[in-house]
Amino acid sequence: MAAYLCPPAVIHGEHAVQTSQIVAEVRDRHPHATWAPRIDGIAASTGIETRGWMLPLETAVAPGDGGALRSVGIERARQALARDGFTQQDVDRAVAALEAIPVPQTVQERTAPAWEAVRSYGERAARGALQIAGLDVADVDCLITSHSTTPALPGLDIALSNRLSLRDDVMLLPATQWACVAGTRSLALAADLVAADPDRVVLVVIAEALSTTYQPADDTLESLIVRLLFADTAVAAVVTGRPRQESVLRLDAAWHHTLPGTNDLHRLETREDGTHFVMDRRGPRAVQETVTAMWEWLRVRYQDDPDSWHPDVLLAHPGGTRVLEYMEQTMPDAWPSGLLEYSRDSYTSGNRGGAAVFDILRRAYDAGQKPGNRAVLYAAAPGLTATALEGEWL
């Protein structure tokens, strides 16, 4: 399978949003929610104090344009009131009052500025990855992209093809719905592509504005948790079929796993006021099943050397701390501690979705890795589906 990965470029959301700001906004908006008395403890349990967003918090919580008459139109409302015998003065007063009622933003109002940010951040990450790899845009043969939280057609692949001025024969592979598994699955696909043609250069770009799932009107406990967890990030990396001076990790094998009957556990729903991430409390247990399956894949892969082989770093995006704890509890006893250090470090500034594994990989690389050390990359996503890769630091 051998594919060679250059260090990723990671662009964090430039607007720092404090957990205390989110707590204050939610408490003010939903003072009577059943979980309101516990909000400080819930926020503290995430372990996240700040996260970077592509747009400021004020953008997410701002009311929509048009007031309460947006759906019917001001003129139609005036005509209806006049037909019912209201004086002109009363009509003006009623219309003004209705227009002053704040309404949620529409899908367009929420998505349009985020989509522009995703494209801009994605371009910055792409150019950064090419610079790190010592390559030019003309060297790119294939572009793999993912962006789950800003639905658009054409998507990020076409946008970046134009913004970067890629060759017109570049293979474009958009994977909008990979979500949290985009980091590992894009690398697995890139590895297959360079296996077919070792001279091929694959550029992977993932840009996620997860803050678009911040829905001010929602008052469920799950919605509160979503508000607290997500961060915005764009990442990119170059994969080649032959080692380069800039290559830092060789990918040797990939594993995929999908749990049947779990497609309703975590999901995105597009409603009138935008995108909602719907969580299910059964989700972490289902993700744990994919972890167990991954351990079995590694056991079989190294069954001829079970006592001496172990990863030296585990770059895992399971979506939450509960699954990280489960991974630590179910690792073989002989494996060293601290394998998830960089995963935990990344999570302290937010759940980055599909961009997470690249961010974790960058942290591990920046900390320094010995040539020959073994790495396992893992991610799970709504579906529930998971992909893992195993490789060696160069």
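Just above sits the structure.
The rules behind each value
Residues numbered from 1 in each chain as written. Predicted model: local features only at pLDDT ≥ 70, side-chain atom pairs only at ≥ 80, totals over all residues. Heavy atoms only, no water. Axes fitted to C-alpha atoms, helices over the stretch in contact; angles between N-to-C directions. Helix = DSSP H or I, 4+ residues; strand = E, 2+ residues; numbered from the N terminus. Parallel < 35°, antiparallel > 145°, perpendicular 65-115°, else oblique. Left-handed = near helix turned anticlockwise from the far one by under 90°. Contact = heavy atoms within 4.5 Å. Disulfide = S-S within 2.5 Å. Buried < 20%, exposed > 50% of the residue type's maximum accessible area, 1.4 Å probe, protein only. Core = buried A, V, L, I, M, F, W, Y, C linked by side-chain atoms within 4.5 Å. Pairing = 2+ DSSP bridges. Phe/Tyr/Trp six-rings, centres within 6.5 Å; stacked < 30°, edge-to-face > 60°. Lys NZ or Arg CZ within 6 Å of the ring centre and 35° of its normal. Salt bridge = Lys/Arg side-chain N within 4 Å of Asp/Glu carboxyl O.

### Regarding the packing of helix H1 (residues 19-29) against helix H9 (residues 221-229)
Orientation of H1 relative to H9, taken along the N-to-C sense of each, is 150 degrees, at an axis distance of 10 Å. In terms of orientation, H1 lies roughly antiparallel with respect to H9. When the axes of H1 and H9 are compared, the crossing they make is right-handed. Listed contacts from H9 to Thr19, Ile22, Val23 and Val26 of H1 are Leu224, Arg227 and Leu228.

### Re the state of the cysteines
Under the defined criterion, the tally for this structure stands at zero disulfides. With no disulfide partner, Cys6 has as its closest neighbouring cysteine sulfur the one in Cys142, 15 Å distant. Residue Cys6 is classed as buried on the basis of its relative accessible area, which comes to 0%.

### With respect to the nonpolar core
Core analysis: the biggest nonpolar cluster contains 40 residues, and Ile144, Leu187, Val202, Leu249, Leu315, Leu377 and Trp393 have the highest contact counts within it. Among the elements that line this core, the one with the most residues is helix H8 (residues 182-196), at seven residues.

### A few points about the environment of Leu339
Assignment of secondary structure puts Leu339 in the loop between helix H11 (321-330) and helix H12 (341-347). Judged by its relative accessible area of 3%, Leu339 falls in the buried class. Between the alpha carbons of Leu339 and Ala375 there is a distance of 9.5 Å; along the sequence they are 36 residues apart.

### So, the pairing of strand E8 (residues 232-240)
Among the nine residues in E8, nine count as buried, and that is most of the element. The two faces of E8 match: Asp232, Ala234, Ala236, Val238 and Thr240 on one face and Thr233, Val235, Ala237 and Val239 on the other face are all buried. The pairing of strand E1 (residues 3-5) with E8 spans two bridges and is classified as antiparallel. Note on E8: the bridge partner recorded for Tyr4 is Thr240. Pairing analysis gives four bridges linking strand E2 (residues 9-12) to E8, with the strands arranged antiparallel.

### Brief notes about the packing of aromatic side chains
Counted by the stated rule, this structure contains five aromatic pairs. In textbook terms, an aromatic cluster arises when at least three aromatic residues are bridged by ring pairs, as seen for Trp295, Tyr302, Trp309 and Trp335. In this structure, Arg124 packs its charged tip against the face of Tyr121, placed 4.9 Å from the ring centre. Lying across the ring of Tyr214, Arg227 places its NZ or CZ 5.2 Å from the centre.

### Focus on the pattern of salt bridges
For the structure shown, the criterion picks out 22 salt bridges. Notably, a salt bridge pairs Glu296 with Arg299, separated by 2.7 Å at the nearest N-O pair. On the criterion of helical spacing, the pair formed by Glu296 and Arg299 is a turn pair, its members being three residues apart in helix H10 (residues 283-301). The exposure class of Arg299 is partly exposed, given its relative accessible area of 47%.

### Concerning the side chain of Ser343
Along the chain, the position of Ser343 falls in helix H12. Residue Ser343 is classed as buried on the basis of its relative accessible area, which comes to 3%. Setting aside anything within four residues of it in sequence, one finds Ser343 in contact with Leu314, Leu315, Ala316, Leu324 and Ile360.

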